[in-house]
Amino acid sequence: MLNSLYSGVSGLRANQTYLDVIANNVSNVNTSAFKASRVTFADAMSLLKQRGFAADTVNDTIGGRNMMQVGRGTVVSSIDIINTLGTFTNTNRSLDVAIEKAGYYFMVQDTDGSVIYTRAGNFYLDNEGNLVTSFGKKVLGADGNPLKIDDPQNYTNHAINSKGELVAVDADGVLISFGTLGLAKFANEDGLERIGSNMYRTTDAVGEILTGVSGDPGFETLLSESTLELSNVDLSQEFTNMIIAQRAYQSNARTISKSDSILEELVNLLR
């Protein structure tokens, strides 16, 4: 079989993955705090036709020769999350909060008790006064415990301020703080695993995890109240990438078609 067939197939597979990533980016253009992904490629293993050799130092009439290799196509090298900041929008909603610095995450308690992470700060109070995400997962404070307003019916004007404090006003008009949002940052942010619902889980690639609150040493982050971070997807760039991926896919398909034509000519030699 012609090696060009296998090279063409590898190109189809790689560019299909490229299109999948682009489609996911575009579909999440309105997802709060969503981070776009990119695809990088690498050449596949090359087929050695002839080894190179150095010039003969004894017989100076014989020079050296370079390697002769034929590539075997392409592979997806990496799918990276682009962790740049998205734009910010004011929501005028007291329990919305945004982290105005890249690399920091809110801490959330998963259903199995483990800690997961998010940058989406659209939070809510449930019927028991727990601060939760839109999917009902409890938001954790700096001490690792869920943030909660005890007897929420006795308080009004629930809000999260710029320090990350969950506050409310009691019956006497006194502003009470019920704890501070916990923040986390990682030695290798790119090692986080996406698990859906705007959430991330740590992996062995993450390395050291540091936790704290806004204003702590190393956590000089600025929280913006009544604000949400939007997706960092650039639609103009994604549409450009889509055209590039489409043309690359078509070109590899054409390579397979031409290779098939050559094989057909070989078969016709027997007629």
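So, a few notes on the structure that sits alongside this text. On a predicted model such as this, the values are computed, not experimentally measured, just so you know. (Residues numbered from 1 in each chain as written. Predicted model: local features only at pLDDT ≥ 70, side-chain atom pairs only at ≥ 80, totals over all residues. Heavy atoms only, no water.)

### A short note on the side chain of Asn-252
Logical step 1: Relative to the helices and strands, Asn-252 is located in helix H2 (residues 235-268).
Logical step 2: For Asn-252, a relative accessible area of 17% translates into the label buried. (Helix = DSSP H or I, 4+ residues; strand = E, 2+ residues; numbered from the N terminus. Buried < 20%, exposed > 50% of the residue type's maximum accessible area, 1.4 Å probe, protein only.)

### Details of the packing of helix H1 (residues 3-27) against H2
Logical step 1: Remark: H1 packs on H2, axes separated minimally by 8 Å, with the N-to-C direction vectors making an angle of 160°. Here H1 lies roughly antiparallel to H2, going by the angle between them. In this structure, the crossing between H1 and H2 has a hand that is left-handed.
Logical step 2: Residues of the contact of H1 with H2, tallied by class, amount to 15 nonpolar, 12 polar and two charged. (Axes fitted to C-alpha atoms, helices over the stretch in contact; angles between N-to-C directions. Parallel < 35°, antiparallel > 145°, perpendicular 65-115°, else oblique. Left-handed = near helix turned anticlockwise from the far one by under 90°. Nonpolar A, V, L, I, M, F, W, Y, C, P; charged D, E, K, R; others polar.)

### Brief notes about the packing of aromatic side chains
Logical step 1: Taken as a whole, this structure holds seven aromatic pairs when the rule is applied.
Logical step 2: One aromatic cluster is present, formed by Tyr-105, Tyr-117, Phe-186 and Tyr-200 through successive ring pairs.
Logical step 3: Over the aromatic face of Phe-219 sits the side chain of Lys-185, whose NZ or CZ is 5.4 Å from the ring centroid. (Phe/Tyr/Trp six-rings, centres within 6.5 Å; stacked < 30°, edge-to-face > 60°. Lys NZ or Arg CZ within 6 Å of the ring centre and 35° of its normal.)

### Let's talk about H2
Logical step 1: For H2, which comprises 34 residues, the first-to-last C-alpha distance of 49 Å matches the rise-based estimate of 50 Å (1.5 Å per residue) to within 8%.
Logical step 2: Residues of H2 that are buried include every one of Glu-238, Asn-241, Ala-245, Asn-252 and Ser-259, and no others.
Logical step 3: The secondary structure elements touched by the buried residues of H2 are H1. (Expected span 1.5 Å × (residues − 1). Contact = heavy atoms within 4.5 Å.)

### Points about a nonpolar patch on the surface
Logical step 1: Taken together, the side chains of Leu-235, Phe-239 and Met-242 define a hydrophobic patch exposed on the protein surface, amounting to about 240 Å² of accessible area.
Logical step 2: Here Met-242 lies in helix H2.
Logical step 3: Looking at Met-242, the relative accessible area reads 32%, which means it is partly exposed. (Patch = residues over 30% accessible without salt bridge, like charges linked within 9 Å, V, L, I, M, F, W, Y side chains within 5 Å. Areas by Shrake-Rupley, 256 points an atom, 1.4 Å probe, with all protein chains shown as cover. Salt bridge = Lys/Arg side-chain N within 4 Å of Asp/Glu carboxyl O.)

### Let's talk about the pattern of salt bridges
Logical step 1: For the structure shown, the criterion picks out six salt bridges.
Logical step 2: For Glu-229, the salt bridge goes to Lys-35, with nearest N and O atoms at 2.4 Å. Taken as a pair, Glu-229 in strand S19 (residues 227-229) and Lys-35 in the loop between H1 and strand S1 (37-43) lie far apart in primary sequence, 194 residues in all. Summarising the burial analysis for this pair, Glu-229 and Lys-35 share the class buried.
Logical step 3: Among the salt bridges present, the one from Arg-93 reaches Asp-96, with a minimum N-O distance of 2.6 Å.
Logical step 4: When its relative accessible area of 26% is taken as the criterion, Arg-93 is described as partly exposed.
Logical step 5: Asp-96 sits in the buried class, given a relative accessible area of 3%.
Logical step 6: A single network of salt bridges, built from pairs that share partners, joins Lys-35, Arg-119 and Glu-229.

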